[in-house]
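# Descriptive analysis of the structure
Below, each chain spelled out in residue letters.
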Amino acid sequence: MNVAVYKILGIPNFILLAIAIIVALAFFINRVKHLYFILRIGKEDDRFNDIGARIMFALKRILLQLCVLKDVTAKDLAGLGHAMIFYGFLCFAFSYLFMFGRGFIPGLSFHILGDTFAGYFPLLLDIVALMVITGVVWGLLRRYVVRPSRLESTPEAAIIMGIIASLMVFHFLMEGFEVNIDPHETASMAFIGVAFAGLFNNMGIERTTQEALFIASWWIHCLLVLGFMVLIPYSKHLHLILAPFNLFFKSMEPRGALRPILDMEEAETFGVSNIEEFTWKQLLDLYTCAECGRCEINCPAHLSEKPLSPRHLIHDMKVHLLEKGPHLLGGNNGSESGTDAQAEAAESGYDGPALIGGVVSEDKIWSCVTCGSCMEQCPVCNEHVDKIVDMRRYMVLMESNFPPEIQAVFRNMENNSNPWGIGWATRADWAKDLGIKILSEDSNVDILYWVGCAGSFDERNKKISTALVNIFKKVGVNFGILGAEEKCCGDSARRIGNEYLYQMLATETIEILKGYNVKKIVTQCPHCYNTLKNEYPQFGGDFEVVHSTEFILDLIEKGKLKLSKPIDKTITYHDSCYLGRYNTVYDAPRKILQAIPGVNLVEMERNRAKSICCGAGGGRMWMEEHLGKRINEMRLQDALDINPNLISTACPYCLTMFEDAIKEKDVQETLTGKDIIELTEEAMA
Amino acid sequence: MNSVVCVKQVPDTESVIKIKPDGSGIITDDLKFVMNPYDEYGVEEALKLKEKFGGSATILCMGPSRVVETIRTGLAMGVDKAVQLDDPAFEGGDAFATAKALAEALKGLEYDVIFCGKQAVDDDLSQVGQILAELLGLPHVSLIQKLQVADDKKSAVVDRQVEGGIEVLKVLLPAVLTTQKGLNEPRYASLPGIMKAKKKPLDVKDLAALGLNADSVGCNGSKTMITKYTAPPERAAGKIIEGEGPQETAPKLVQLLREEAKVI
Ligand code: SF4
Ligand code: SF4
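Every residue lining ligand 1 is accounted for by Cys299, Pro300, Leu308, Pro310, Cys368, Val369, Thr370, Cys371, Gly372, Cys374 and Val385 of chain A. Looking at the shell around ligand 1 residue by residue, the class counts come to 9 nonpolar, 2 polar and no charged.

Dropping the structure here:
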């Protein structure tokens, strides 16, 4: 049937279709342009390096659907549904070329790609359409019947689902009519089309009526597709267009490295207090969010009933951006963003809520433990933590606005180079009688043991430092410590938002380390590890940094360290965020435990990349936990659920948080906390 | 409303203090110096007055070049300018000699209120504020915890904590007030504040600039003299009593308490 020249009210179809396409495209382009100009308000950010790797990453994540399949579990199969809809969408997108093409080119059909293709492709489309309908029904059931907490049942979602389902239905109808009126056009392999065709004939529908109905279904199908296209940039389905870009522009820096403020002497403002002070990439994140809620259900702040939800954080900022953005464009959305004066004048026209305190409450900003789970789980690779830290930076550096207990912590770091504020000269007192080399006295060492503040000053953690020293000595490692010259690495200061203090500590330390020509560093604490390894290079500190668990495992694997004394215990291991998610050291601690005879290693339900923070990250170690439940107790419950005798950690903060929770919950009788280093020492022959 | 805050630089309270072998003083090489914590309350209060009434806040600080860091801390918090008294002749002064130099410097400054910390945490003398008031012929109230300046700026009502209650006084301005914990929460300097502080005026004055002679300040002008520092006796290490259970250890403990500690 020649669709192109079929006339409606005397006007040939190809003209009508052209008009429909032009109108739809006009709406679509107008909106996309609007979004693009708002995006350009954002600050500079160079995300064009290493293009090849970027393309590969984006392609892999999208084409293989790793973005959603990576976290499919028996409990949450939604990723599978997404993959089904995605591949279905690809097939149909291809078929739509033909559907629209037929409106212009008479006789266009799949046959131009060969008869085999024309035979099998409709079959594939039918199967896919069935899959998609199943996916949609499943999706609707989940949203409106099962209602998992991470999904919100918005009218928008229902409309989109409705359109997708209708597209499939009209696909079958079109096919059915066409089998009857143009049998050679459609291959009989399209079993559902054929079934529909039979149904129409059985109903006794006239051929001419079937022709008219075919044209009608074709039209409705085309209009639905165009409507869907227009809807995309107005809805969360914007991720269909933007996800590939967002993945392409993802940060190529180590995840654990926060962006430095470089021109501290010159800059007039620090951090972000206005949405337009984010970089364009940070704004792109807001657009791209698919509101899937994966970040939220893994967020310890949200899970412990604090006001922060990373999903809402992103969405609220997106709504705010779309409200404020047009004001910043000075009304002439479409042209260049204009001079500063213009922009300012336009900004005065905006009287909505402020970003900090209005769109995002201060409590939300302080609730984050920077555990990075949101970023780990986000299928479109949104980068949440840097936005939160940027807002903290503004609050801390510009307004000295932070939880009151933090002031003393900053002062302590400034005056005594440790958060506790214990005299800096006593930093190495724990090691007094251990006969350890101090670099200022003898810098001829292979390894610098970076003890960290907790290992130096916290009573409990000092025992772990001593244990590590015993391991070093047993194996005959030529190592030394900085002693009183060691300072806080600055992790907490940086994550609380005090970039100035962080840079002061970091640059001083880098200078000292370079002065001793240090090459290789072993850290006990994952926070020191992450900072030294991933963040010090930003300030010229390039050292080989390994975590104690990696170092110990290496000794075991090389046969230098034998763990032969059995520890007959059921032990679980808690992943520290900054060791696990930020640096993907998941296996070393587990392998050490497995190397100890007698150990029965058991896993908590949330482990590895899905592990939940102990509650102390992001400087929260030093803040009171006034809101919601206590994160450490929530995490302890994960362990209690599987009934181990011992919970092992590889981070001084985690250990402190667990020991507090164990006391609080009064389970000391059955459960103890220990560092992997201590267990290694115990098992040493 | 103009205020002057007298600030002293002291070793951080967590410092490990080492006494010079001859006992004449402490070794300052390795020390971390900070602003005397009680003076910070004065700085904060001066800034509050400035925010409320306008005018200026000035820091007056005596000491060698190392005190500049402490002065900058105050400037970063928001103080407008500072005067540093730096001359070898000032060294080793007691409270009286110090107050004498401060008083002389204050004659060249405009003030409605002079704040001093209630005491410096290094020598704990608690005298400079009071002597300063006497030398300047001004009223003074010590250990204030609340300050309300009248709208005409001619007087103020201050609270001070006394045993079992609060004493409320009215004092005519200008006056010297010594500040105590509880008066306010000193602010943390903002980064723009820290950057601006580097460019704020710092007026360094020596003995000649004050028009004093070397006999009236420092060691020579002092009424008291430090003759010797000694460290507190070292505490002996604790003893752990070994044994199986309380039946065995308790008698040992009793014996030791009686014979060695001689407390029972
Ligand atoms: S970093 Fe962790 S605490 Fe912060 S928003 Fe993300 S998931 Fe939540
Ligand atoms: S930020 Fe990412 S994980 Fe969170 S809702 Fe949006 S798309 Fe999903």
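Residues and elements named next belong to chain A. Strand order in the open sheet made by the 5 strands is E3-E5-E4-E6-E7, with parallel pairing throughout. In this open sheet, the two edge strands, each paired with only one partner strand, are strand E3 (437–438) and strand E7 (544–547). Against the sheet, helix H20 (residues 459–475) makes contact with strand E4 (447–450), strand E5 (479–481) and strand E6 (520–523), and its axis sits at roughly 165° relative to E4, the strand it touches most.

When its domains are assigned, chain B resolves into domain 1 (3–216) and domain 2 (238–264). Computed from C-alpha atoms alone, the centre-to-centre distance between domain 1 of chain B and domain 2 of chain B is 52 Å.

All names here are of chain B. Packing of helix H3 (residues 95–106) against helix H4 (residues 128–136) brings their axes to within 9 Å, and their N-to-C directions diverge by 50°. Taken as axis vectors, H3 and H4 run oblique relative to one another. As for the relative orientation of H3 and H4, their crossing is right-handed in sense. Of the residues in H4, those in contact with Ala95, Phe96, Ala99, Lys100, Leu102, Ala103 and Leu106 of H3 are Val128, Ile131, Leu132, Leu135 and Leu136.

Residues and elements named next belong to chain B. Bridging between strand E7 (residues 140–149) and strand E10 (residues 175–179) involves 3 bridges; their strand directions are parallel. Residue pairing in the sheet places Val141 in a bridge with Leu177 of E10. Examined bridge by bridge, E7 and strand E8 (residues 155–162) share 5 bridges and lie antiparallel to one another. Its bridge partner being in E8, Gln148 is matched across the sheet by Val157. Between E7 and the antiparallel strand that follows it, E8, lie 5 residues; Lys153 among them carries a positive phi value of about 60°.

The next subject is the interface of chain A and chain B. On the side of chain B, 17 residues touch chain A, which itself brings 23 residues to the contact. Carbon and sulfur atoms make up 55% of the area that chain A and chain B hide from each other, which totals about 1,600 Å². The largest contributions to the chain A side of the interface with chain B come from Arg411, Asn415 and Tyr500 of chain A, which together make up 29% of the buried area. Counting every contact that joins chain A to chain B gives 2 salt bridges. Glu265 of chain A is paired through a salt bridge with Lys198 of chain B; the nearest N and O atoms lie 3.3 Å apart. The interface formed by chain A and chain B contains 9 residue pairs in polar contact (both at pLDDT 80 or more). Of all elements in the fold, only helix H17 (385–399), helix H18 (405–416) and helix H22 (499–515) of chain A reach the threshold of two or more residues within the side of chain A that touches chain B. The biggest single contributor to the side of chain A that touches chain B is H18 of chain A, with 6 residues. Its residues assigned to classes, the side of chain A that touches chain B comprises 11 nonpolar, 8 polar and 4 charged.

Residues and elements named next belong to chain A. Summed over the entire model, instances satisfying the criterion amount to 30 aromatic pairs over all chains. When the ring of Phe48 is compared with that of Trp280, the centres are 6.4 Å apart and the planes differ by 35°; the resulting orientation is tilted. Taken as a pair, Phe48 in the loop between helix H1 (13–39) and helix H2 (51–63) and Trp280 in helix H10 (residues 280–288) lie far apart in primary sequence, 232 residues in all. On the accessibility criterion, Trp280 (15% relative accessible area) is buried.

For the rest of this paragraph, the subject is a nonpolar patch on the surface. All names here are of chain A. On the surface, a cluster of nonpolar side chains totalling about 800 Å² of accessible area is made up of Ile11, Phe14, Ile15, Ile19, Val23, Phe27, Phe104, Ile105 and Tyr234. Ranked by residues supplied to the nonpolar patch, first place goes to H1 with 5 residues. Assignment of secondary structure puts Tyr234 in the loop between helix H8 (207–231) and helix H9 (239–248).

This part covers empty space enclosed by the protein. All names here are of chain A. A full pass over the atoms with the stated rule returns 6 cavities of 30 Å³ or more. What the second largest cavity holds in volume is close to 130 Å³. Among the elements that line the lining of the second largest cavity, the one with the most residues is helix H19 (residues 452–457), at 4 residues. Grouping the constituent residues of the lining of the second largest cavity by class yields 12 nonpolar, 4 polar and 1 charged. Among the domains, domain 3 (412–557) and domain 4 (570–683) are the pair contributing at least three residues each to the lining of the second largest cavity.

Reading the values: rules and limits
Residue numbering note: each chain is counted from 1, following its sequence as written. Chain letters and ligand numbers both follow the written order, the letters beginning at A and the numbers at 1. Reporting in this predicted model follows two pLDDT cut-offs: at least 70 for local features of residues, and 80 or more for side-chain atom pairs to be given and counted; totals over whole chains, interfaces and linings ignore these cut-offs and use all residues. Side-chain numbers come from the whole structure's heavy atoms, not from hydrogens or water. Throughout this document, a residue counts as near a molecule or strand when at least one of its heavy atoms sits within 4 Å of that molecule or strand. For this classification, Asp, Glu, Lys and Arg are treated as charged, while Ala, Val, Leu, Ile, Met, Phe, Trp, Tyr, Cys and Pro are nonpolar and the rest, including Gly, are polar. In short, DSSP must find at least two bridges between two strands for them to pair. We count a stretch as a helix when DSSP gives it H or I for four or more residues in a row; a strand needs E for two or more, and each element gets its number in order from the N terminus. Here, residues are in contact when the closest pair of their heavy atoms is within 4.5 Å. Lines are fitted to the C-alpha atoms to define the axes, a helix being fitted only along its stretch in contact, and any angle between axes, read from their N-to-C directions, falls within 0 to 180 degrees. All domain edges in this entry derive from an automatic or database-based domain assignment. To sort the angles, those under 35 degrees are grouped as roughly parallel, those over 145 as roughly antiparallel, those from 65 to 115 as roughly perpendicular, and the leftovers as oblique. Whether a crossing is left-handed or right-handed is set by the direction in which the near helix is turned from the far one by less than a right angle, anticlockwise for left-handed and clockwise for right-handed. Once two parts are brought into contact, the accessible area they lose, counted with a 1.4 Å probe and summed over both, makes up the buried area. Salt bridges are identified by distance alone: a Lys or Arg side-chain nitrogen within 4 Å of an Asp or Glu carboxyl oxygen. Two N or O atoms form a polar contact when they lie within 3.5 Å of each other; inside protein one atom must be a possible hydrogen donor and the other a possible acceptor, and for residues adjacent in sequence the pair counts only when both atoms belong to side chains. Think of it this way: a Phe, Tyr or Trp ring, Trp meaning its six-membered ring, pairs with another when their centres are within 6.5 Å, and the plane angle makes it stacked under 30 degrees, edge-to-face over 60, tilted otherwise. Note on classification: 1.4 Å probe, protein chains only; a residue is buried when its accessible area is under 20% of the maximum for its type, exposed when over 50%, partly exposed between these limits. What makes a patch is a set of residues exposed beyond 30% relative accessible area and free of salt bridges, joined within 9 Å when like-charged and within 5 Å when nonpolar (Val, Leu, Ile, Met, Phe, Trp, Tyr). Surface accessibility in these figures is a Shrake-Rupley result with a 1.4 Å probe; residues are shielded only by whichever protein chains are displayed. Residues are said to line a cavity or pocket when one of their atoms sits within 4 Å of a point; the points come from a 1 Å grid over protein atoms alone, cavities being sets where a 1.4 Å probe fits but cannot get out and pockets being open sets with protein on both sides within 12 Å along at least five of seven lines. Grid points are joined across faces, edges and corners, and a volume is the space filled by probe spheres set on the points.

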